[in-house]
Structure formats: C-alpha cells, structure tokens
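Observations on the three-dimensional arrangement
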Amino acid sequence: MKTCPIPTARSAFSLCVRRRPRRQASNGKRVMNDFVLSSPQEFRRLPGLFRRWELAQVLEAGEDYHIEDAGTTSDGTMVFAIYRRVPALWECKSLNDKSWKDTVKRGVVISKPIYAAQIATYQAYMEASVPGISQSPALFTAINKDTAELHHELVPFNGGLAQMASDKAVRIIRAIEAGELLPRIAQSADFHECRFCSWSDRCWRIGDGR
Ligand code: SF4
C-alpha cells in the first residue's frame, strides 16, 4: 500500500480511498473497482493555540498528533495548532444506481435506516475495545455498483438508535428462546423485504394466523 498523498492535518477524516485500475471479469463484464483504504481515523483539533515550549505539556506519549504552524502572536512568538488522531468507524456498502442515488440525496440515516442502526450499534459495542470510537462521527462510504462513483458522509453517533436496535435484538432472542412466533413484517410473502429474506420459505410455511 502506498502512502496516502492527502495531507493528514484536517479536522475531517484522514481516510484515503484510492481506486485501483478497473478489472475485467472472466465473462468480459466490467467488475467493481477495488479500493485501497488507509488510516480510517480522524484528527481532532485541540482547543487553542500553543507556543513551542507548551507543546511538551500537551503532547502525550503513545498518541499520534499533527502539528500545524498557526502564525505568530502580536509579540512575534510562533504558535501552533495541534491535531490529535482519534479512532473512527468506517462503514462501506455497495449499492445499485437507484439505491446509491437515493442515499446521496437523502443521506444514509433516512435512506438506509438499517445501515444507520448497524453503524450506531458497532460504535456502541466497539467502545470497550476501541475507546473513543463513539465520540467521533463514523465515515459512511457508498459505492455505486454501476458507475463506481463514491459517496462519503459523516454520521454522528446516535446512542438512542444503538440502544433501540440492541433492545429489539434482545426481544427477538427472548421470543425465540420462549418458542414464540413474532408477527411478520408484512401481510404477504411478496413484500419486498420478504422476497430477499433468507428465511422466507420457513417463515411463510409455519405459524399461520400470526
Ligand atoms: S420472510 Fe423474513 S422479513 Fe418477511 S416476515 Fe418472515 S422473517 Fe420477516
């Protein structure tokens, strides 16, 4: 992997996604490009500006920083801005053209609420192993499967959504353990989510009258 050419001193993500040369599938069809990812983390600026001799008081051993020249004070003393690297979640999905365009237009939270719940849940449950991951917005990337266009957006952590998704999962597991059949999501098997559901056959064969 090459070094990312994008400067890292940004309050936004330092993620670098680079497109590899387009590949051709064995059947001659175009296939989706590969992407190279580096450093799915964010630099956050520490409040204030610091003089050279103050840097040692601020910088902590083992942390990753970027320091930028921020000009001089009225007495000519040089001051610096400090950015500290913090962990962030990167979630990437590939979508067909119609779905991708809707995500770009309305944003992932409204267009793809299941992905948003997934992101929030990852951030909540990864906090123990990656401290700070829920304090930074996640970076969501959507790849257009038809055109290889990329869409990126930052998704702030939504603790309420993570809790709601987690509670729902617990309710489902408890119902299964108790042998209960939960209501179906739809009235007939041709509902679009049921048509793509891996358990559709079983679901619509059993438990009539739910
Ligand atoms: S087929 Fe799948 S999505 Fe549809 S109601 Fe059954 S479990 Fe839910």
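Residues numbered from 1 in each chain as written. Predicted model: local features only at pLDDT ≥ 70, side-chain atom pairs only at ≥ 80, totals over all residues.

So, about the overall build of the protein chain. A count of helical and extended segments in the protein chain gives seven helices and nine strands. Of the contacts made within the protein chain by residues no fewer than 6 positions apart, 60% connect residues no fewer than 24 positions apart. (Helix = DSSP H or I, 4+ residues; strand = E, 2+ residues; numbered from the N terminus. Contact = placed C-beta atoms within 7 Å.)

Here we take up the site of the ligand. The immediate surroundings of the ligand are formed by R184, I185, A186, E193, C194, C197, W199, S200 and C203. Put simply, the parts of the chain that give the shell around the ligand at least two residues each are α6 (192-195) and α7 (200-205). Of the residues contributing to the shell around the ligand, the split by class is six nonpolar, one polar and two charged. (Near = placed C-beta within 6 Å. Nonpolar A, V, L, I, M, F, W, Y, C, P; charged D, E, K, R; others polar.)

Per-residue confidence for the protein chain averages 81 on the pLDDT scale, and 79% of its residues sit at or above 70. Note on residues 1-40: pLDDT under 50 across the span, and 57 contacts to partners over four residues away in sequence or across chains. (pLDDT = per-residue confidence, 0-100.)

Right, let's get into the pairing of strand β6 (residues 78-87). As paired elements, strand β4 (residues 50-51) and β6 share two bridges and run antiparallel to each other. If you follow R51 over to β6, its bridge partner there is V79. Two elements, strand β5 (residues 65-72) and β6, share six bridges in a ladder whose sense is antiparallel. Each residue of the ladder has a partner; that of E68, found in β6, is A81. Counted along the chain from β5 to the antiparallel partner β6, the turn is five residues long, and its residue G76 has a positive phi close to 90 degrees. (Pairing = 2+ DSSP bridges.)

Turning next to the packing of helix α4 (residues 113-126) against helix α5 (residues 159-177). It is the contact of α4 with α5, at a shortest axis distance of 8 Å, that shows an interaxial angle of 95 degrees. In this view, α4 runs roughly perpendicular relative to α5, as classed from their interaxial angle. Contacts between α4 and α5 involve A116, A117, A120, T121, Q123 and A124 from the former and G159, L161, A162, A165 and S166 from the latter. Here the contact of α4 with α5 is composed, by residue class, of seven nonpolar, four polar and no charged. (Axes fitted to C-alpha atoms, helices over the stretch in contact; angles between N-to-C directions. Parallel < 35°, antiparallel > 145°, perpendicular 65-115°, else oblique.)

What follows is about the nonpolar core. Core analysis: the biggest nonpolar cluster contains 15 residues, and A88, L89, I119, A120, A138 and F140 have the highest contact counts within it. Listing elements by their share of this core, those giving two or more residues are α4 and β8 (138-144). Take this core: its biggest share by element is four residues, from β8. If near-sequence neighbours (up to four positions away) are discounted, I119 is found in contact with L89, E91, A138, F140 and V155. (Core = buried A, V, L, I, M, F, W, Y, C linked by C-beta atoms within 7 Å. Buried ≥ 20, exposed ≤ 12 C-beta atoms within 10 Å, placed from the backbone.)

Turning next to the sheet that holds strand β9 (residues 150-155). Taken in spatial order, the three strands of this open sheet run β7-β8-β9, and their pairing is mixed. Bordering the open sheet on either side are β7 (90-95) and β9, each of which pairs with just one other strand. Recorded for the sheet is a direction-independent mean angle of 20 degrees between the axes of neighbouring strands. Each of β7, β8 and β9 touches helix α2 (residues 97-106); the most contacted strand, β8, lies at about 145 degrees to it.

Right, let's talk about the environment of F157 for a bit. Looking at where F157 falls in the secondary structure, it is placed in the loop between β9 and α5. A residue is classified by how many C-beta atoms lie within 10 Å of it, and F157, with 20 of them, is buried. Contacts of F157, omitting those with residues within four sequence positions, involve A120, Q123, S134 and P137.

Here α5 is 19 residues long and its end C-alpha atoms lie 27 Å apart, about the 27 Å a rise of 1.5 Å per residue gives. Looking one or two residues past α5, G179 carries a phi angle of roughly 75 degrees, positive in sign. (Expected span 1.5 Å × (residues − 1).)

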